[in-house]
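Results of the structural survey
Residue strings, one per chain:
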Amino acid sequence: MDVAQLAGVSQKTVSRVFNGERYVSAEVRERVLEAAARLGYRINSAARALASGRTRAIGVVTLGTALYGPASLLMGVERAVRDIGYALRVVNTMEGDPAGIAGAVEVLLEQGVDGIVISEPIDEGEFSLSSDVPLLVLGAPTAFAGPRVVSAGVNAELLARVATEHLLDLGHRTVHHLAGPQRWFSARDRLVGWRAALAAHGAAEPAVVEGDWSAASGYAAGRELATDSDVTAVFAANDDMAIGLIRALAEAGRRVPDDVSVVGFDDIPVAAYVTPPLTTVRQPFDSVAQRGLKRLVHAIENPHSDPLPPSDPPVDLVVRSSTAPPPRKAPGDGRPSSRTT
């Protein structure tokens with residue numbers, strides 16, 4: 001029994017109600033919506049059943065933040081969606097509100113999207129979420145229920161390992177880590193990559209210093225690390241923290257890279273213009289968005305076929321002037337000395 005039959009109206013009337021058209025009485029509108037609720041239809045599901053074809057709209061659930069990584073990934077998704085000829089609908093969530101994710105998905109489903117991109121970088125704990133359209137999960141564990149769930153990410157663990165190995169290959173005995181906040185999936189991945197590189201090289205694992213992605217937290221960490229003369233290399237989980245770190249080291253008389261080498265993560269636009277220009281790993285946001293959207297659209301347009309296999313994003317280490325071999329030891333006292341005379 002469908003909505004039209006249960007409500008005692010035509011399918012055209014049901015379509016008008018779901019599309020918000022005028023010339024439908026309040027009594028009829030209420031009857032149709034009540035029938036849809038009794039049958040468990042969402043508005044978009046019924047509308048799609050009555051209409052021909054798909055809406056050619058993709059929804060995005062993303063954290064409302066101006067931080068470089070999430071904002072750049074959203075821009076990459078916007079470009080990729082436009083390039084494939086779909087419309088984009090975005091719903092922002094707030095940090096600390098796990099119910100906001102489920103609510104955002106529900107809003108998009110009611111708007112009639114054909115697929116949804118989940119770009120939520122923070123672990124908000126366990127929550128219930130289901131979808132009757134394909135989901136693309138970017139940069140987070142795929143703990144979502146639905147008929148088709150695919151994933152894509154920047155492979156932050158590999159990028160962090162490459163950044164750390166760059167410093168180890170220069171001859172540093174170990175690498176300290178200025179980590180991002182551990183509620184963020186990407187910060188955890190970078191920590192794992194750093195640890196893996198140290199383990200592979202048999203290097204000692206120093207205590208982790210945690211920041212909050214800001215330059216101010218990098219500055220605070222730099223003041224702490226500057227007091228330890230054994231620190232000769234630091235991998236920072238993002239460029240903003242790396243820049244704050246370098247400022248604190250300079251104020252403490254620890255020169256970069258003569259005394260301490262620093263690698264960042266992201267390759268933000270200003271990274272090439274700070275003093276010294278920052279060595280960093282570039283996040284392939286556009287590539288991830290394009291590859292992920294390709295998998296999502298395949299799931300939308302080929303509902304009965306196997307999902308496209310995932311592909312690895314490129315790895316791009318951008319070497320600039322903030323890294324160098326470790327300083328020589330001063331004769332007799334075991335302390336680092338400047339490379340210059």
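Residues numbered from 1 in each chain as written. Predicted model: local features only at pLDDT ≥ 70, side-chain atom pairs only at ≥ 80, totals over all residues. Heavy atoms only, no water.

1. Section: the sheet that holds strand 7 (residues 209–210)
Strands in a sheet are paired, the pairing made by backbone hydrogen bonds, and the direction either parallel or antiparallel. Strand order in the open sheet made by the six strands is 7-6-8-9-10-11, with mixed pairing throughout. Looking along the sheet, the strands with just one partner apiece sit at the ends: strand 7 and strand 11 (316–318). The pairing of strand 6 (residues 176–179) with strand 7 spans two bridges and is classified as parallel. Residue pairing for strand 7: A179 is matched across the bridge by E210. Helix 10 (residues 239–251) rests against strand 6, strand 8 (233–236), strand 9 (261–266) and strand 10 (279–282) of the sheet, and its axis sits at about 160° to strand 9. (Pairing = 2+ DSSP bridges. Helix = DSSP H or I, 4+ residues; strand = E, 2+ residues; numbered from the N terminus. Contact = heavy atoms within 4.5 Å. Axes fitted to C-alpha atoms, helices over the stretch in contact; angles between N-to-C directions.)

2. So, the packing of aromatic side chains
Applying the stated criterion to the full structure yields three aromatic pairs. With centroids separated by 5.9 Å and ring planes inclined at 70°, the aromatic side chains of Y68 and F285 adopt a geometry described as edge-to-face. Placement of Y68 in helix 5 (residues 68–83) and of F285 in helix 11 (residues 285–301) is noted, with a sequence separation of 217 residues between them. Exposure remark for Y68: the relative accessible area of 29% places this residue in the partly exposed category. In this structure F285 comes out as buried when scored by relative accessible area, which is 8%. Between W184 and W213, the aromatic rings sit 5.7 Å apart at their centres with planes inclined by 80°, giving edge-to-face as the arrangement. With W184 in the loop between strand 6 and helix 8 (185–200) and W213 in the loop between strand 7 and helix 9 (215–225), this pair connects stretches of sequence that are 29 residues apart. When its relative accessible area of 6% is taken as the criterion, W184 is described as buried. Owing to a relative accessible area of 6%, W213 belongs among the buried residues under this scheme. One Lys or Arg, R56, reaches over the ring of Y86 and ends 4.2 Å from the middle of that ring. Geometry around F265 places R190 over its ring, the cationic atom sitting 3.9 Å from the centre. (Phe/Tyr/Trp six-rings, centres within 6.5 Å; stacked < 30°, edge-to-face > 60°. Buried < 20%, exposed > 50% of the residue type's maximum accessible area, 1.4 Å probe, protein only. Lys NZ or Arg CZ within 6 Å of the ring centre and 35° of its normal.)

3. Some points on helix 8
With 16 residues, helix 8 should reach 22 Å at 1.5 Å per residue; the first-to-last C-alpha distance of 23 Å fits that figure. Here helix 8 has its buried residues at F185, S186, A187, R190, L191, G193, W194, A197 and L198. Immediately beyond the C-terminal end of helix 8, within one or two residues, lies G202, with a positive phi of roughly 65°. (Expected span 1.5 Å × (residues − 1).)

4. Re the pairing of strand 6
Burial along strand 6 is two-sided: H176 and L178 and H177 and A179, pointing in opposite directions, are all buried. Pairing of strand 6 with strand 8 involves three bridges; the strand directions are parallel. Residue pairing for strand 8: L178 is matched across the bridge by A236. Between strand 6 and its parallel partner strand 7, the chain crosses via helix 8, and the hand of that crossover is right-handed. (Right-handed = clockwise from strand over helix to strand, strands pointing away.)

5. Quick notes on the nonpolar core
Counting 37 residues, the largest nonpolar core has I58, V117, L136, L138, V175, F235 and L293 as the members making the most contacts within it. Per-element accounting of this core gives the leading share, seven residues, to helix 11. Setting aside anything within four residues of it in sequence, one finds L138 in contact with L73, V77, V117, I118, S119, A152 and V288. Judged by nonpolar contacts, the second largest core, of 26 residues, contains L178, V209, M241 and A271. (Core = buried A, V, L, I, M, F, W, Y, C linked by side-chain atoms within 4.5 Å.)

6. Side note on helix 7 (residues 156–169)
Its 14 residues place the ends of helix 7 20 Å apart at the C-alpha level, agreeing with the 20 Å of an ideal helix rising 1.5 Å per residue. For helix 7, every residue scored as buried is listed here: A156, L159, A160, V162, A163, T164, H166, L167 and L168. One or two steps after helix 7, the chain reaches G171, where phi turns positive at roughly 115°.

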